[in-house]
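Now for the letters of each chain:
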Amino acid sequence: MNPVLSAPPACISDPGTWCSQVFSITHNEWLAGSAGWLVTKPLRIILILVLAFVVRYLTRRVINRVTTLPRGGTGKLPTLLRPLRERAPDVLGPAVVERRRQRAATIGSVLKSMATFLIYGLAFILVLGELGINLAPIIASAGIVGVALGFGAQNLVRDFLSGIFMMIEDQYGVGDVIDIGAATGTVEAVGLRITTLRDLQGTVWYVRNGEVLRVGNSSQGYAVAVVDVPLGYSTDVDRAATVLTAAATKAAESDALAVNVMEPPEMLGVEKVTPEGIQLRLTVKVRPGKQWAVQRALRAHLLVALEEAGFEPPLGRFLSAPGADK
């Protein structure tokens, strides 16, 4: 009795298919039936990998384009850098340009890593689908693991997302003097999870980005040096204001302060009246982070100017100079 022969694959009668073309060349039914595995699927997998590589390459090019500052600081700034340009006057010069470049490099690195993970991850899933692997259990397992990790590492995720938005929005950078509630000091390092700053006593603080609810930046754009000068009740306020304005203007034009002063001093007038005397306020617009140094220098110049003009301290002189009563 002759064995029952298997029926030839039906695809060999469909013109234009890989099955019919392979059968017409080889006249082998097994090769024709396996044409999908031997030709079609490998070609699809190769196409998926090539497309993933091309998409990743183009995506990285786009990210470089929108996060790279032109050399020399000239030309049109990338979109991600424009918020910083609007808040930072051009007079600040190279320091701001370097900060822009560092910030853009950090943002670009994060975006490239995320794009690579998403593109290659999607390509891997498509390749598994082409190999005939059932993706439903894998996706379900990944979802369960993702939920578990989400509950266990929610603080880490929050810190990471806060760090990304902090960099994109340019809330602060290395060298800025900030107040973030938990600590106040100079920023030494900015990461996606931790911000490191050092306070005036030299203590280093490590603050999680997700715990920062508000930020006070004293080093962005410009700062204002505020100087309050106490005077006695018998003082001629108009004359004192004139003397203080002239002294402050002269001090601001000196070589020591001119590099940090952005606008001439402004006398605001009487700021406060207390039982001890009157207080005049004078302000100066200065470079960011230089307000404290300018305030200290102005106080010294203003005290000397008041002394030379004959003004007495608010409560008089409690201590006389040696030999004053002789």
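Everything quoted here is computed from the prediction, not taken from an experiment.

Student: So what about the environment of T116? Which residues, and what values?
Tutor: Structurally, T116 is set in helix α5 (residues 94-130). Separated by 61 residues in sequence, T116 and V55 have C-alpha atoms that sit 9.4 Å apart. Among all residues touching T116, those that are not within four sequence positions of it are R56, R60 and G121.

Student: So what about the sheet that holds strand β1 (residues 177-179)? Which residues, and what values?
Tutor: If you trace the 5 strands from one edge of the open sheet to the other, you get β4-β3-β2-β1-β5, paired in antiparallel fashion. If you trace the sheet from one side to the other, it starts and ends with β4 (204-208) and β5 (216-217), each paired once. Across 5 bridges, strand β3 (residues 194-198) lies against β4 in antiparallel orientation. Bridge pairing in β4 places R198 opposite V204.

Student: I'd like to hear about the UniProt feature "transmembrane region" (unreviewed entry) in the protein, residue by residue, with values.
Tutor: Residues annotated by UniProt as "transmembrane region" (unreviewed entry) correspond here to residues 42-59, 109-129 and 135-157. Helix makes up 100% of residues 42-59 and strand 0%, and the two end C-alpha atoms of the span are 26 Å apart. Measuring from the first to the last C-alpha atom of residues 109-129 gives 31 Å, for a span that is 100% helix and 0% strand.

Student: So, the pattern of salt bridges: which residues are in play, and what are the values?
Tutor: Think of it this way: side chains of opposite charge can pair up when their charged atoms draw near. Counted by the stated rule, this structure contains 8 salt bridges. Salt-bridge contacts for R158 lead to E211; the nearest nitrogen and oxygen are separated by 3.0 Å. Taken together, the positions of R158 in helix α7 (residues 154-169) and E211 in the loop between β4 and β5 put the pair 53 residues apart, joining distant regions of the chain. Note that D228 is salt-bridged to R281, the shortest N-O span being 2.7 Å. One end of the pair, D228, is in strand β6 (residues 223-231); the other, R281, is in strand β8 (residues 277-286), and 53 residues separate them in sequence. We classify D228 as partly exposed; its relative accessible area is 26%.

Rules used throughout
- Residues numbered from 1 in each chain as written.
- Predicted model: local features only at pLDDT ≥ 70, side-chain atom pairs only at ≥ 80, totals over all residues.
- Heavy atoms only, no water.
- Helix = DSSP H or I, 4+ residues; strand = E, 2+ residues; numbered from the N terminus.
- Contact = heavy atoms within 4.5 Å.
- Pairing = 2+ DSSP bridges.
- UniProt positions renumbered as here; feature names shortened; annotations may be inferred.
- Salt bridge = Lys/Arg side-chain N within 4 Å of Asp/Glu carboxyl O.
- Buried < 20%, exposed > 50% of the residue type's maximum accessible area, 1.4 Å probe, protein only.

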